Amino acid sequence: MGSAQSLPHIDGFSREEMTRLEKRFHKLDLDRSGSISVKEFLSVPELKENPLLQRVVDVFDSDLSGEVDFKEFVCGLAQFAAVRDNNDAKLEFIFRIYDMDRDGFISNGELFQVLKMMVGKNLTDSQLQQIVDKTILYLDKDDDGRISFDEFRLLVTNGNKLSNVTSIMTVEV
């Protein structure tokens, strides 16, 4: 691993912030493999109970290796840095949590799987499927049976909900 000065410039982070991120990355990389596994992310108390941690790791993991290397770590965090005022990037990240197969759409099955992670055993599969079906029906403006990013953005931006959703997804570096 090179120093922060040898890394490519990532929008939203100064050299000082990159140095801090590199230190945090090394603290998470418990086995010193050069990447962070889900198990290593679980060592962070604030993440341990997050039902969507696996999905966040999957989205950060752009090369599909199953782990997050430093560049993926920084690029993922850049989407949430408070210094960036890019709500579309944050929204795209949230969308990708649901788009499990990375095809640019949220299908009925994908929405079901992600919501199941979130609600656990609090709802029966039948109750959850009813919610998913209604959600798809409500959001699917072009009647193709799935939710596109534009359809997702419409839901979030109507009624100025965009600022609420993306402010939750902002991280101080």
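The rules behind the values
Residues numbered from 1 in each chain as written. Predicted model: local features only at pLDDT ≥ 70, side-chain atom pairs only at ≥ 80, totals over all residues. Heavy atoms only, no water. Helix = DSSP H or I, 4+ residues; strand = E, 2+ residues; numbered from the N terminus. Buried < 20%, exposed > 50% of the residue type's maximum accessible area, 1.4 Å probe, protein only. Contact = heavy atoms within 4.5 Å. Areas by Shrake-Rupley, 256 points an atom, 1.4 Å probe, with all protein chains shown as cover. Core = buried A, V, L, I, M, F, W, Y, C linked by side-chain atoms within 4.5 Å. Domains from an automatic or database assignment. Phe/Tyr/Trp six-rings, centres within 6.5 Å; stacked < 30°, edge-to-face > 60°. Lys NZ or Arg CZ within 6 Å of the ring centre and 35° of its normal. pLDDT = per-residue confidence, 0-100. Salt bridge = Lys/Arg side-chain N within 4 Å of Asp/Glu carboxyl O.

1. A closer look at the overall build of the protein
Part 1 of the reasoning: Of regular secondary structure, the protein possesses 10 helices and four strands.
Part 2 of the reasoning: Walking the protein from its N terminus toward its C terminus, one meets helices and strands in the order α-β-α-α-α-β-α-α-β-α-α-β-α-α.
Part 3 of the reasoning: A total of 173 residues make up the protein; the buried ones form 36% of that total.
Part 4 of the reasoning: In the protein, of all internal contacts separated by at least 6 residues, the share reaching a separation of at least 24 is 54%.
Part 5 of the reasoning: Counting every atom, the protein has about 10,100 Å² of accessible surface; 54% of that belongs to carbon and sulfur.

2. Section: the nonpolar core
Within soluble globular proteins, side chains that are nonpolar tend to cluster in buried spots.
Part 1 of the reasoning: Of all hydrophobic cores here, the largest spans 38 residues; its most connected members are Phe41, Phe73, Tyr98 and Phe152.
Part 2 of the reasoning: Looking at this core, the elements with two or more residues in it are helix 1 (15–28), helix 4 (53–60), helix 5 (70–78), helix 6 (87–98), helix 7 (108–119), helix 8 (125–139) and helix 9 (149–157).
Part 3 of the reasoning: By residue number, the principal contributor to this core is helix 6, which donates six residues.
Part 4 of the reasoning: Residue contributions to this core reach at least three from each of two domains, namely domain 1 (15–82) and domain 2 (86–167).
Part 5 of the reasoning: The residues contacting Phe152, other than those within four sequence positions of it, are Leu91, Ile94, Phe95, Ile106 and Ile147.

3. Focus on the packing of aromatic side chains
Part 1 of the reasoning: Going through the model one piece at a time under the given rule, you end up with five aromatic pairs.
Part 2 of the reasoning: Members of the aromatic cluster, connected to one another through ring pairs, are Phe25, Phe70 and Phe73.
Part 3 of the reasoning: Its end group placed over the ring of Tyr138, Lys141 keeps NZ or CZ at 4.9 Å from the ring centre.

4. Some thoughts on unusual backbone geometry
Part 1 of the reasoning: The phi angle at Arg102 is positive, at roughly 60°, despite the residue not being glycine.
Part 2 of the reasoning: Note that Arg102 resides in the loop between helix 6 and strand 3 (105–106).

5. So, the confidence of the model for the protein
Part 1 of the reasoning: On average, residues of the protein score 82 in pLDDT, and 80% of them are at 70 or above.
Part 2 of the reasoning: Considering only residues more than four positions removed or in separate chains, one finds that residues 1–5, a stretch of pLDDT under 50, has 11 contacts.

6. Section: the pattern of salt bridges
Two side chains bearing opposite charge may form a pair once their charged atoms approach each other closely.
Part 1 of the reasoning: Under the criterion given, the structure shown has five salt bridges.
Part 2 of the reasoning: One salt bridge connects Asp125 with Lys116, and the closest N-O pair in it is separated by 2.7 Å.
Part 3 of the reasoning: The partly exposed category is assigned to Asp125, whose relative accessible area is 43%.
Part 4 of the reasoning: With relative accessibility at 26%, the residue Lys116 sits in the partly exposed group.
Part 5 of the reasoning: Across the pair Arg153 and Asp150 runs a salt bridge, and its minimum N-O distance is 2.9 Å. Of the two residues, Arg153 and Asp150 are both situated in helix 9; the distance of three residues between them amounts to about one turn of the helix.
Part 6 of the reasoning: Since its relative accessible area comes to 24%, Arg153 is described here as partly exposed.

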